[in-house]
Amino acid sequence: MEARPQTKTAFATSVRLESDLNSKLEALAVAMDRPKTWIIERAVQRYVEEQAWQIEAIREAYESYQDGTAKVIPHSEVVEQLEGRIEARLSQ
């Protein structure tokens, strides 16, 4: 007898969407042949994961700044480096 896969408990929630966003969501659901809830769940999952990652990265950076192990670069130097990269890419 095969073991049944464990399923995660799902919780219902509701969201209010502006009309235009809801229309886009409905069109996407039709194009993907998926229910709107499937798309919403994945969108929320990606958003939450991204925000959690950013918050953790900020916390780690702040801790390294507080304990003196962070490499601090002046803003003007960062801008200079970025402008150099942009110029190099545009000249390709």
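Going by the structure above, here's the rest.
Presented here is a report on the structure given in the accompanying data block.

Definitions and limits used
- For every chain, the first residue of the written sequence is number 1, and numbering continues from 1 along that sequence.
- The predicted origin of the model limits local features to residues at a pLDDT of at least 70 and limits the giving and counting of side-chain atom pairs to 80 or more, whereas totals for whole chains, interfaces and linings rest on all residues.
- Here the side-chain values reflect all heavy atoms present in the structure, with hydrogen atoms and water set aside.
- Secondary structure is summarised from DSSP: a helix means a run of H or I of at least four residues, a strand means a run of E of at least two, and numbering begins at the N terminus for each.
- Our radius of gyration is a C-alpha quantity, and the globule rule it is checked against amounts to 2.2 Å times the number of residues to the power 0.38.
- Here, patches come from residues exposed beyond 30% relative accessible area and free of salt bridges, joined within 9 Å for like charges and within 5 Å for nonpolar side chains (Val, Leu, Ile, Met, Phe, Trp, Tyr).
- Per-residue accessibility takes into account occlusion by the displayed protein chains alone, with areas from the Shrake-Rupley method and a 1.4 Å probe.
- Here a salt bridge means any side-chain nitrogen of Lys or Arg lying within 4 Å of a carboxyl oxygen belonging to Asp or Glu.
- Partly exposed describes any residue whose relative accessible area lies between the buried limit of under 20% and the exposed limit of over 50%, with all areas from a 1.4 Å probe on protein chains only and scaled to the type maximum.
- Classification of ring pairs uses Phe, Tyr and Trp, with its six-membered ring standing for Trp, and accepts pairs whose centres are within 6.5 Å; under 30 degrees between planes counts as stacked, over 60 as edge-to-face, and the remaining range as tilted.
- The rule for a charge over a ring is simple: NZ of Lys or CZ of Arg within 6 Å of the ring centre, and within 35 degrees of the ring normal.

1. Focus on the overall build of the protein chain
- The secondary structure content of the protein chain amounts to 3 helices and 0 strands.
- Walking the protein chain from its N terminus toward its C terminus, one meets helices and strands in the order α-α-α.
- The C-alpha atoms of the protein chain give a radius of gyration of 22 Å, which is well past the 12 Å a tight globule of 92 residues would have.
- With respect to the principal axes defined by its C-alpha atoms, the protein chain has extents near 60 × 40 × 35 Å.

2. A few points about unusual backbone geometry
- Located in the positive-phi region is Asp33, a residue other than glycine, with phi close to 55 degrees.
- Mapped onto the fold, Asp33 is located in the loop between helix H1 (19-32) and helix H2 (36-66).

3. So, a nonpolar patch on the surface
- The grouping of Ile73, Val78, Leu82, Ile86 and Leu90 at the surface amounts to a nonpolar patch, some 440 Å² of accessible area in total.
- Within the secondary structure, Leu82 sits in helix H3 (residues 75-90).
- We classify Leu82 as partly exposed; its relative accessible area is 44%.

4. Notes on the packing of aromatic side chains
- Across all of its chains, the model carries 0 aromatic pairs by this definition.
- The aromatic ring of Trp38 is capped on one face by Arg34, whose charged end is 4.1 Å from the ring centroid.

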